[in-house]
Amino acid sequence: MTVPESAAVEAVDVERTYDLGGVTVPALRGVSFTVERAAYVAVVGPSGSGKSTLMHLLGGLDRPSAGTLRIDGRDVSSLTPAELAQLRNETIGFVFQSFHLLARTTALDNVALPLVYRGLSARERRARAREMLARVGLEHRVDHRPNQLSGGEQQRVAIARALVTEPTVLLADEPTGNLDTATGHAVMELLERLNAESNAALVLVTHDREVAARAKRRIHMRDGVIEADEGGAA
Amino acid sequence: MRLAEAWRVALDALRANRLRSGLTMLGMVIGVGAVVVLVALGTGTKNEVESQVEGLGANLMFVVPGKVDFNSAPTASPLDTSDLNAVIRTVGDRDRVTVSLTSGETVRAGRNSTFTTVLGVMETTPKVFVRTVHSGTYLARTDVDTGRRVAVLGSKTAHVLFGDREAVGRQITIAGVRFRVVGVFEPLGQSLGVDRDTEVHIPISTAQRLFGTNRIDAFAIKAPDAESVGPLGDRVLAELRKRHPDTEFSAVTQDQILGVLADILGVLTTVLAAIAGISLLVGGVGVSNIMLVSVRERTKEIGLRKAVGAKPRDIGVQFLLEAVLLTTIGGVLGMALGVAASLITAALSPVPATVTWWSLALAFGVSAGVGIIFGVVPAQRAGRLDPVVALRTE
Ligand SMILES: Nc1ncnc2c1ncn2[C@@H]1O[C@H](COP(=O)(O)OP(=O)(O)OP(=O)(O)O)[C@@H](O)[C@H]1O
Ligand SMILES: [Mg+2]
């Protein structure tokens, strides 16, 4: 699946407009950049500048209205919804601000969920999920349900779920937004450590200047365009 | 996603909302149960009627004056003993023909009496119909030829008149005239709503004299085999029409009686089952409704599943299975309820009920079908949800 030459994500003049009953609202107005494999990129910018919209596009949850977007070398515009779903399963890991864990489902089965859509056996799913939970330090919370976990623990479960498929890109949209400062720091450290240990590129939306400062590269968004791109390779 | 996994997810979803799932199933339980019960009652009644008609004997036909038509009044019979001799000649065998002349009369023995059906018949009756004598003998040819005052009693009439004492050899009076009991029938039960165990048989010649008539009401003829029933009937009708040009005659075969009864019962069963089917439809709409609620409630879950790689089809299948599981579990419970209700009805009332395998298979198929039909719209809706929108809903 992986083409070694290609960048993790490549965007060329990507636009995204929303149609609100005849009125077109531009959320992204021509965005071009490349995320290299295993990179660490922070996306910053004021509210409404298009950060989340960009993340959805990078993760193949949404498609550009214009321009070209390649994820792991594949042009998302040419893919059917089913192919896009498979691409997400194989190359993307999402971490959301509000965790999005399945209630009534144990930490272990939450982490194993992406593997369900790979057709792996329950035994193999669980084995991999257990291993991943150990890597985020939650081996003692395997059978806990989300409402039996702290916010920080829930987000670590979500991170384990995002990485259990060994994705090319890990997308985190304000992952510490719902956590207190200390817990947020711990989660950030975990994300940075996992980014350093694995081949997954980390693209992180944050409002926290300190966090942004630690990234090797910062993309500044404003009004749907990239205002500045510091520390980027290109 | 593996199918086994999809089943598990669907089952979990139902379990998470036990009360709601149960109430939704109830619609299916009642619908399927009603269909099973009504089909069982219809089938049971049909089987019973068929066995009663067939139990009369094989290859039978009844020849009566008049048109057999539910609208016309019975025709006064122009038939008499000379017609009987002509029919016997046409059939070619006295043993295959019997007659009836029927009247309601008071039958008395000592202080006991009963009002019942007295039939003037021939000694050939047990050769034409299935009719066995329990004690004594049936009427003899000489009884018919000489018009003897002898009688064979149905088992109930014998019991009413003589209690547990032996009836054979005793005296009774019919319409005030003395008769000797020569035999008592084996109990037979009902034929088409008529209690056969109260009948009293006397020779036709005696009956004509007793009732003051030369009339014969009807002929019953037993054909040698199934193929000859029709042609034989035509020949007998032709002979009778020749003898009575002004009168219409009809030959009714056992198959025709069965056919008419089966048609009536079939229509009845179908109408009842269709009415019960409407409750299945209502159940199905309930399932559809609940599935739409379920999709809306779990929009965020759908978004998350899509984000981690669920294809539209995976989501669609998951919800479709949930609907099918709802209706088939309801269907199986409904089948159990239907079978139980049928058995109880059959045990506690005279209404027969026969649960057939095909009706159960049909009920199961229909409940799965209802799940698919009424689950497909909610499932498609779930499958097509935009993941970004879905994740954002609260
Ligand atoms: N579904 C939608 N329909 C219409 N407009 C939308 C939709 N989603 C986003 N937008 C608009 O697109 C713009 C960018 O939104 P986006 O969520 O990407 O901002 P953001 O940078 O993530 O903001 P925040 O920091 O508050 O999360 C906003 O003006 C928003 O109103
Ligand atoms: Mg946002």
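Residues numbered from 1 in each chain as written. Chains lettered and ligands numbered in written order. Predicted model: local features only at pLDDT ≥ 70, side-chain atom pairs only at ≥ 80, totals over all residues. Heavy atoms only, no water.

Within chain B, the secondary structure is distributed over 13 helices and 12 strands. Here the C-alpha radius of gyration of chain B, 33 Å, is well above what a compact globule of 394 residues would show, namely 21 Å. Expressed along its principal axes, the backbone C-alpha trace of chain B runs to roughly 105 × 50 × 35 Å. Restricting to contacts in chain B with at least 6 residues of sequence separation, those with at least 24 account for 79%. (Helix = DSSP H or I, 4+ residues; strand = E, 2+ residues; numbered from the N terminus. Rg over C-alpha atoms; globule rule 2.2 N^0.38 Å. Contact = heavy atoms within 4.5 Å.)

The next point concerns unusual backbone geometry. Here A:Glu166, not a glycine, exhibits a phi torsion of approximately 50°, which is positive. Tracing the chain through its elements places A:Glu166 in the loop between helix H5 (151-163) and strand S7 (169-173). The class of A:Glu166 is exposed, set by a relative accessible area of 67%. We note that B:Ala175 has phi near 50°; this positive angle belongs to a residue other than glycine. (Buried < 20%, exposed > 50% of the residue type's maximum accessible area, 1.4 Å probe, protein only.)

All right, on to the site of ligand 1 then. Among the 14 residues in the neighbourhood of ligand 1, the closest are listed as A:Ser47, A:Gly48, A:Lys51, A:Ser52 and A:Thr53. At ligand 1, the nearby residues belong to more than one chain, namely chains A and B. Between ligand 1 and A:Ser49 there is a distance of 3.3 Å, counted from an oxygen atom to a backbone nitrogen or oxygen. Contact distances for ligand 1 include 2.7 Å between an oxygen atom and a side-chain N or O atom of A:Ser52. For ligand 1, the protein covers 69% of the area, taking 630 Å² as the surface of the free molecule. (Near = heavy atom within 4 Å. Polar contact = N/O pair within 3.5 Å; in protein donor to acceptor, adjacent residues only side chain to side chain. Areas by Shrake-Rupley, 256 points an atom, 1.4 Å probe, with all protein chains shown as cover.)

Our focus in this paragraph is empty space enclosed by the protein. Overall, the coordinates contain 2 cavities of 30 Å³ or more when judged by the stated rule. Lining the largest cavity are B:Ala13, B:Leu14, B:Asn17, B:Arg20, B:Ser21, B:Ile290, B:Met291, B:Ser294, B:Glu297, B:Arg298, B:Glu322 and B:Leu326. Ranked by residue count, the leading element in the lining of the largest cavity is helix H9 (residues 254-297) of chain B, at 4 residues. A class-by-class count of the residues in the lining of the largest cavity yields 5 nonpolar, 3 polar and 4 charged. Roughly 50 Å³ of internal volume is contained in the second largest cavity. Elements supplying a minimum of two residues to the lining of the second largest cavity: helix H2 (81-91), strand S6 (92-95) and H5 of chain A. Element by element, the count of residues in the lining of the second largest cavity is highest for S6(A), at 3 residues. Here the lining of the second largest cavity is composed, by residue class, of 6 nonpolar, 3 polar and 2 charged. (1 Å grid on protein atoms, 1.4 Å probe; cavity = no way out; pocket = protein on both sides within 12 Å on 5 of 7 lines; lining within 4 Å. Points joined across faces, edges and corners; volume = space filled by probe spheres on them. Nonpolar A, V, L, I, M, F, W, Y, C, P; charged D, E, K, R; others polar.)

Residues and elements named next belong to chain B. The full count for this structure, using the stated rule, is 31 salt bridges over all chains. With a closest N to O distance of 3.4 Å, Arg298 and Glu301 form a salt bridge. We note that Arg298, like Glu301, is buried. (Salt bridge = Lys/Arg side-chain N within 4 Å of Asp/Glu carboxyl O.)

A few words on the sheet that holds strand S9 (residues 217-222) of chain A. All names here are of chain A. Taken in spatial order, the 6 strands of this open sheet run S6-S7-S8-S3-S9-S10, and their pairing is mixed. Each having just a single partner strand, S6 and strand S10 (225-230) make up the two edges of the open sheet. Mean inter-strand twist for the sheet, computed between neighbouring axes without regard to direction, equals 20°. Pairing of S9 with S10 involves 5 bridges; the strand directions are antiparallel. Across the sheet, the residue bridging to Met221 is Ile226, located in S10. Those strands touched by helix H1 (residues 51-58) are strand S3 (40-44), S6, S7, strand S8 (201-205) and S9, and its axis lies near 155° from that of S7. (Pairing = 2+ DSSP bridges. Axes fitted to C-alpha atoms, helices over the stretch in contact; angles between N-to-C directions.)

This next bit is on the side chain of B:Glu123. Residues and elements named next belong to chain B. Relative to the helices and strands, Glu123 is located in the loop between strand S3 (112-121) and helix H4 (125-128). Accessibility expressed as a relative area gives 11% for Glu123, which makes it buried. At 2.8 Å, the side chain of Glu123 forms a polar contact with the side chain of Arg94. Beyond its immediate sequence surroundings of up to four residues, Glu123 is in contact with Arg94, Tyr138, Leu139, Ala140, Arg141 and Val144.

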